[in-house]
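Spelled out from the first residue to the last, the chains are:
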Amino acid sequence: MSNTPHRARTLLVIGGGGREHALVWSLARSPEVSRVLVAPGNAGTSNEPKVENLPIADHDIEALALIAKERKVDLTVVGPETPLVAGIVDHFSAQGLRIFGPSAAAARLEGSKSFAKDFLARHRIPTAAHGVFTRIEDAKAYIEKRRAPIVIKADGLAAGKGVIVARSNNQAIEAAREMLEGGAFGGAGRTIVIEDFLAGEEASFICVAGSQGVVPLASAQDHKTLLDGDEGPNTGGMGAYSPAPVVDARLSDRIMREIIHPTLQGLAAEGMPYTGFLYAGLMIDPDGAPHVIEFNCRLGDPETQPILLRLRSSLLDLIEAALAGDPAKNPPEWDERASLGVVMASEGYPEKPRKGDVIHGLDESQERTGEGIGEESGGSGKSGEVDNPVTKVFHAGTALQGDRVVTSGGRVLCICALGKDVSEARRIALDRADGIQWPGAFFRRDIGHRAIAREEARAKKIG
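Remember, predicted model here, so these are calculated numbers, not experimental data. (Residues numbered from 1 in each chain as written. Predicted model: local features only at pLDDT ≥ 70, side-chain atom pairs only at ≥ 80, totals over all residues. Heavy atoms only, no water.)

## Side note on the sheet that holds strand β16 (residues 276-284)
Next, step 1: In spatial order, the strands read β11-β10-β16-β17; together these four strands make up an open sheet with antiparallel pairing. Of all the strands in the sheet, the pair left with one neighbour each is β11 (214-216) and β17 (290-296). Within this sheet the neighbouring strands show an average axis-to-axis angle of 30°, counted without direction.
Next, step 2: Relative to β17, β16 runs antiparallel, the two sharing six bridges. (Pairing = 2+ DSSP bridges. Helix = DSSP H or I, 4+ residues; strand = E, 2+ residues; numbered from the N terminus. Axes fitted to C-alpha atoms, helices over the stretch in contact; angles between N-to-C directions.)

## Here's the deal with the packing of helix α8 (residues 136-145) against helix α9 (residues 169-180)
Next, step 1: Where α8 contacts α9, the two axes come as close as 10 Å, and the packing angle between them is 160°. Comparing their axes, α9 and α8 come out roughly antiparallel. Every pair of crossing elements has a handedness; the one defined by α8 and α9 is right-handed. Packed against α8, whose contacting residues are I136, A139, K140, I143 and E144, the element α9 presents N169, A172, I173, A176, R177 and L180 at the interface.
Next, step 2: Across the contact of α8 with α9, the residue classes break down as seven nonpolar, one polar and three charged. (Parallel < 35°, antiparallel > 145°, perpendicular 65-115°, else oblique. Left-handed = near helix turned anticlockwise from the far one by under 90°. Contact = heavy atoms within 4.5 Å. Nonpolar A, V, L, I, M, F, W, Y, C, P; charged D, E, K, R; others polar.)

## Comments concerning the side chain of E201
Next, step 1: Examined against the element boundaries, E201 turns out to sit in strand β10 (residues 201-209).
Next, step 2: Only 2.9 Å separates the side chain of E201 from the side chain of R454, close enough to count as a polar contact.
Next, step 3: Excluding residues within four positions of it along the chain, E201 makes contact with Q221, V246, L282, M283, I284, R450 and R454. (Polar contact = N/O pair within 3.5 Å; in protein donor to acceptor, adjacent residues only side chain to side chain.)

## As for helix α3 (residues 61-70)
Next, step 1: Residues I61, L64, A65, I67 and A68 constitute the buried set of α3. For α3, the angular spread of buried residues about the axis comes to 165°, placing them on one side.
Next, step 2: Summarising the contacts, the buried residues of α3 are in contact with β1 (9-15), β2 (33-40), α4 (81-86) and α5 (88-94).
Next, step 3: Remark: K72 follows α3 within two positions and exhibits a positive phi of approximately 50°. (Buried < 20%, exposed > 50% of the residue type's maximum accessible area, 1.4 Å probe, protein only. Arc of directions from axis to C-beta.)

## A short note on the state of the cysteines
As used here, a disulfide is simply a covalent bond connecting the sulfur atoms of two cysteines.
Next, step 1: Within this structure, the stated rule accounts for zero disulfides.
Next, step 2: Cysteine C297 is unpaired, with the sulfur of C207 as its nearest cysteine sulfur at 12 Å.
Next, step 3: Judged by its relative accessible area of 2%, C297 is buried.
Next, step 4: Just so you know, C416 is unpaired, no disulfide at all, and the nearest cysteine sulfur is the one on C414, 3.7 Å from it. (Disulfide = S-S within 2.5 Å.)

See the structure below:
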């Protein structure tokens, strides 16, 4: 981070989840930032230094633009997908307001899975074979010609839950019927995408893109299913860790060459130049080849939390470099330690989460630096870098009720930790999570199991 003095700046972060808490926390650490406004924020953002919550919904584009003008906001950073797909970047830009994110046209990569799949096919970017359907008769005929398992996806935005991995053709037909005729996922499911199941290991590959360049962030892997052992229904994500060992330097270069660059070049060629965070959800097949499962046009949640916990350089400087054209001119610097986040969820999640319970154990004094847990877990101490805490609790579905913090959503907290490896990071995160309680709270205890299995195999080989 630069020691050069800067004028005080006011930023606006749009959103109120765990990803936005991490964004706010990271941006507020920049010495040139005097104030970070967050709309609407949550109980966690309200307690961060230099941060102010605003009671404005993340989809109220007119009100957000008005407050950006009134408060003389220097830069707006968009967290969630809904305002991006709705065109908030176009609206702000037309009014001369600086904002970081893709246009509505480019955000269709996330807003419409059928658009994304057809785009991938046009540009010969590796992905699963697929079909797009609006009538159950056509979907049923297609499914009957395929071999299970098979994947059924709602075309539109469904908060990360509009994906069914069907283990039989009958289950696939029923899932398609529920989306197309039963109203599952509402308007998002009026069109569906049916695609072949890809076997392998998933990874989250997130980049920062500008009009003239792109740079990857640290790799990550999340856990979508609800229960230990990767069992249960899909969720918005029950935990994540960084780095993901499956994405080594060679594979990272291949992903950039075969997926990221062709995607950005294809968008530009079709009149949709892309600036913002670009998330490629990938499946790495048994031969090590990457395939696109989905695109997101923003940072992932919960991947953002452990990724930003590792960031030692300025997120603001990186974003400004992207807005100037090429983020690679100010590349991010990373803590060498591993980071892991465990999502604590409310009883009933993901279907009908219980809300309004008081959360106990949120003592922020427990968010500590490396002191006392061994030299290997301490910071690098490089000049100009931030000193990252060993643990950090990022809020998502929380609200203030007087002076008490209560649950207000399904995914409530993301308990993050740094460690010399993924195993140690998980141990520290679980220890912190065990100290936080509310009725019905639950979380997975096996986040990072693939990386830890690799660590144990490597240790056994060395031993």
